[in-house]
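These are the residues of each chain, in order.
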Amino acid sequence: MARVKYTSKDVDLMARMMRAEAEGEGQQGMLYVGTVIVNRAVADCLDFGDVRAIRDVIFQVQGGNYSFEAVQKGNVFYQRARDSERRLAERNLKFWREQPARFSLWYFNPYAPCPPTWYDQPFTGQFKDHCFYEPQPGTCESVYIG
């Protein structure tokens, strides 16, 4: 059973986002970005209590800006998805999640060492240039399910 309901359009949209955010970090890096996207759709807490669909996650606006830099800037997000990224997106949607993104709701590239917290959320690990953060204990139990 999939972690979240999805359509072929969701797979395409998520694949484009994974590529735009982490193409330089290879398939593993794109899978970690995909994990965060699915975790946000599953999480019923914090800033993600009202996003349940992949499209809602990707186009979510927080603090007056899109949550993902690739949507703000456009770059490769507006290119067509390739089959290889579609396969990765489907893996995320169906089952795949591993550390450091396993329970993460946030990631970013600090262009420096990863800080131990980000907006008070604990650091869970780093993959290449991206730092990953999961919710503080007791603040988002839904992200740990499924």
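Check the entry above for the structure.
Residues numbered from 1 in each chain as written. Predicted model: local features only at pLDDT ≥ 70, side-chain atom pairs only at ≥ 80, totals over all residues. Heavy atoms only, no water.

Caption draft 1: View of the overall build of the chain. Looking only at helices and strands, the chain has 5 helices and 6 strands in total. Ordered by position in the sequence, the α and β elements of the chain form the string α-α-α-β-β-α-α-β-β-β-β. Relative to the globule expectation of 15 Å for 146 residues, the C-alpha radius of gyration of the chain, 14 Å, shows essentially globular dimensions. The proportion of buried residues among the 146 residues of the chain is 49%. (Helix = DSSP H or I, 4+ residues; strand = E, 2+ residues; numbered from the N terminus. Rg over C-alpha atoms; globule rule 2.2 N^0.38 Å. Buried < 20%, exposed > 50% of the residue type's maximum accessible area, 1.4 Å probe, protein only.)

Caption draft 2: Looking closely at helix α1 (residues 8-22). Taking 1.5 Å of rise per residue, 15 residues should cover 21 Å, and α1 covers 21 Å from first to last C-alpha, within 8% of that figure. Within α1, 12 of the 15 residues are buried, which leaves it mostly tucked inside the rest of the structure. Turning to α1, its buried residues are Asp 10, Val 11, Leu 13, Met 14, Ala 15, Arg 16, Met 17, Met 18, Arg 19, Ala 20, Glu 21 and Ala 22. (Expected span 1.5 Å × (residues − 1).)

Caption draft 3: Focus on the pattern of salt bridges. Across all of its chains, the model carries 9 salt bridges by this definition. Linking Asp 12 and Arg 86 is a salt bridge whose minimum nitrogen-to-oxygen distance equals 3.2 Å. Of this pair, Asp 12 sits in helix α1 while Arg 86 sits in helix α5 (residues 83-94), placing them 74 residues apart in sequence. By relative accessible area, which is 25% here, Arg 86 ends up partly exposed. Asp 44 serves as the salt-bridge partner of Arg 52, at 2.7 Å between the closest nitrogen and oxygen. On the basis of relative accessible area, Asp 44 is assigned to the exposed category, the value being 51%. (Salt bridge = Lys/Arg side-chain N within 4 Å of Asp/Glu carboxyl O.)

Caption draft 4: Inspection of the state of the cysteines at higher detail. This structure, assessed with the given rule, holds 2 disulfides. A sulfur-sulfur separation of 1.8 Å characterises the disulfide bridge that pairs Cys 45 with Cys 140. With the S-S bond torsion at -60°, the cross-link from Cys 45 to Cys 140 turns out left-handed. Taken together, the residues Cys 45 in the loop between α2 (26-42) and α3 (54-58) and Cys 140 in the segment after β6 (130-133) connect sequence positions 95 residues apart. Each member of the pair, Cys 45 as well as Cys 140, is classed as buried. Residue Cys 114 pairs covalently with Cys 131 via a disulfide, S to S 1.9 Å. Classification of the bridge connecting Cys 114 and Cys 131 rests on its S-S torsion, roughly -85°, and on that basis the disulfide is left-handed. Residue Cys 114 is found in the loop between β3 (106-108) and β4 (117-118), and its partner Cys 131 is found in strand β6; the two are separated by 17 residues along the sequence. (Disulfide = S-S within 2.5 Å.)

Caption draft 5: The environment of Pro 113, seen in detail. For Pro 113, the position within the fold is in the loop between β3 and β4. Relative accessible area serves as the criterion here: at 72%, Pro 113 is assigned to the exposed category. Separated by 29 residues in the primary sequence, Pro 113 and Ser 84 place their C-alpha atoms 30 Å from one another.

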